[in-house]
Amino acid sequence: MKTQVAIIGAGPAGLLLGHLLRAAGVACVILERQSRAYVEARIRAGVLERTTTDLLHRLGIDARLNAEGLPHHGFGLVDGERTVRIDVAALTGHAVTVYGQTEVTRDLIAAAPERGLDIIWEAGDVALHDVDSSAPFLTWADGQRLDTDFIAGCDGFHGPSRAALPAAVQKSFECVYPFGWLGILADVPPCDDELIYANHDNGFALASMRSPTRSRYYIQVPDGERMDNWPDDRLWDELALRLGPAGARIVRGPALEKSIAPLRSFVCEPMQHGRLFLAGDCAHVVPPTGAKGLNLAASDVAYLSAALIGFYHDGDEALLHGYSARAAARVWKAERFSWQLTKLMHRFPEDGRFERRMQLAELDYIAGSVAAQTAIAENYVGLPL
Ligand code: RFL
Ligand code: PHB
């Protein structure tokens, strides 16, 4: 088999890149390790920046997004009993959209056949070859081979693409947090119209949603926490406690899904080597506090698709050479925002009474400062491409 761009991974980065390339007539094939059913069932992010929804509108893969996406004009930061509302729309002129990553993924997969985007599911043992030559190729399963002009590594944090960058050129930067998020999804109405991020003495909590009848909640739990320590009743009690005034309005229900995700900040530079380009979680990870991970995957592939299309349409390699620097500049700013919001809203085991008062003083400062609220709002809504 031969193609122009071989994409590894059918997450948001790989699927969006595939559609953007196909819309410009560039040939591509996606190789995905998991089955379609597995990928479509994965519960992940929930908040889309305008840069991400703009891509879906541009592709015309937006019918369900338009019908079911919830525009959100602000969110709350809670310390104890007080809610500081960040009025994102008033402060920036823009809103975010609550629409699950699961739904984005399903929409992109459903639109693939009619747009000539081939996805090979359950492609085991994908390996990258000759990425620094002009004729790279992929192999998988029992000796299947795909020759290609370029490889796009969109295979998430644990995929093989990043490891194909020679150790001598790869620089990585990492911060692992001593806690994770325990998430619960339930078919109950949300406790508030807006998302609420709470910093309680017991730790962080987040009230989010997928629709007017489906809620998504998270609490901070210690590293290595076991799920059987958190039967549903205990989890609902803890959410009600940590979420402040909104906690009293929680409607409880059976869990559709419960999982624990570790928190990490990670960046790999450069995001390109030879004919291999990295995009999304394979090149960088943010803690979910800023709701940036999926949106960074989308902005990476906005840059990468423009660069590849420039190459095929105009023979122009300038954007390809500039990809890593351009994408990483936006990534680092989202890393900073996600790290700072994580530090502000979580309890760190090494922190004492002083650090706790620093958090409360910062929240108090934010409550009284339009400048501080604007800085949060413009990062949350997404920095421009
Ligand atoms: P993905 O989604 O991990 O997709 C990678 C794909 O590559 C496949 N793969 C392979 N395929 C072939 N061969 C191999 N050897 C392969 N190895 C892996 C995988 O099966 C998979 O299909 O990466 P991508 O596309 O870069 O997308 C990144 C986002 O998924 C991620 O950043 C977000 O989910 C992060 N995130 C959030 N981001 C937001 O923008 N807003 C949010 O509100 C938000 N909330 C969250 C989140 C992530 C969370 N977890 C579970 C980590 C909330 C949580 C709890
Ligand atoms: C979610 O709804 O899953 C979600 C929302 C906001 C975040 C993280 C996760 O910051």
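Reading the values: the criteria
- Residues numbered from 1 in each chain as written.
- Chains lettered and ligands numbered in written order.
- Predicted model: local features only at pLDDT ≥ 70, side-chain atom pairs only at ≥ 80, totals over all residues.
- Heavy atoms only, no water.
- Buried < 20%, exposed > 50% of the residue type's maximum accessible area, 1.4 Å probe, protein only.
- Helix = DSSP H or I, 4+ residues; strand = E, 2+ residues; numbered from the N terminus.
- Arc of directions from axis to C-beta.
- Contact = heavy atoms within 4.5 Å.
- Near = heavy atom within 4 Å.
- Polar contact = N/O pair within 3.5 Å; in protein donor to acceptor, adjacent residues only side chain to side chain.
- Areas by Shrake-Rupley, 256 points an atom, 1.4 Å probe, with all protein chains shown as cover.
- Nonpolar A, V, L, I, M, F, W, Y, C, P; charged D, E, K, R; others polar.
- Salt bridge = Lys/Arg side-chain N within 4 Å of Asp/Glu carboxyl O.

K.L.:
An account of helix α7 (residues 232-242) is needed here, citing residue identities and associated values.
P.N.:
Taken as a whole, α7 has its buried residues at L235, W236, E238, L239 and R242. Take α7 and look down its axis: the buried residues cluster within an arc of 165°, on one side only. If you follow the buried residues of α7, they end up packed against β13 (171-186), β14 (195-200), β15 (203-211), β16 (214-222) and β17 (255-269). Following α7 by one or two positions, G244 adopts a phi angle in the positive range, close to 70°.

K.L.:
Can you tell me about the site of ligand 1, naming the residues and giving the values?
P.N.:
Around ligand 1, 33 residues are found, and the nearest of them are E32, R42, Q101, D281 and L294. N295 is positioned such that a nitrogen or oxygen atom in its side chain is 3.1 Å from an oxygen atom of ligand 1. Coverage of ligand 1 by the protein chains reaches 88% of its 1,000 Å² of free accessible surface. If you list the elements that add at least two residues to the shell around ligand 1, you get α1 (12-23) and α8 (293-314). Considering every element that reaches the shell around ligand 1, the biggest residue donor is α8, with four residues. Split by residue class, the shell around ligand 1 holds 16 nonpolar, ten polar and seven charged.

K.L.:
Residues and numbers for the pattern of salt bridges, please.
P.N.:
Taken as a whole and assessed by the stated rule, the structure comprises 24 salt bridges. With its nearest N and O atoms 2.7 Å apart, the salt bridge here joins E194 to R85. Of this pair, E194 sits in the loop between β13 and β14 while R85 sits in strand β6 (residues 82-86), and the two are 109 residues apart along the sequence. Given the relative accessible area of 17%, E194 is considered buried. Note that E114 and R115 form a salt bridge whose closest N and O atoms lie 3.9 Å from each other. Since its relative accessible area comes to 61%, E114 is described here as exposed.

K.L.:
Could you give an account of the side chain of S299, naming the residues involved and the relevant values?
P.N.:
With respect to the secondary-structure elements, S299 resides in helix α8. Since its relative accessible area comes to 2%, S299 is described here as buried. Those residues within four positions of S299 in sequence are excluded, and the remaining contacts are R330 and L385.

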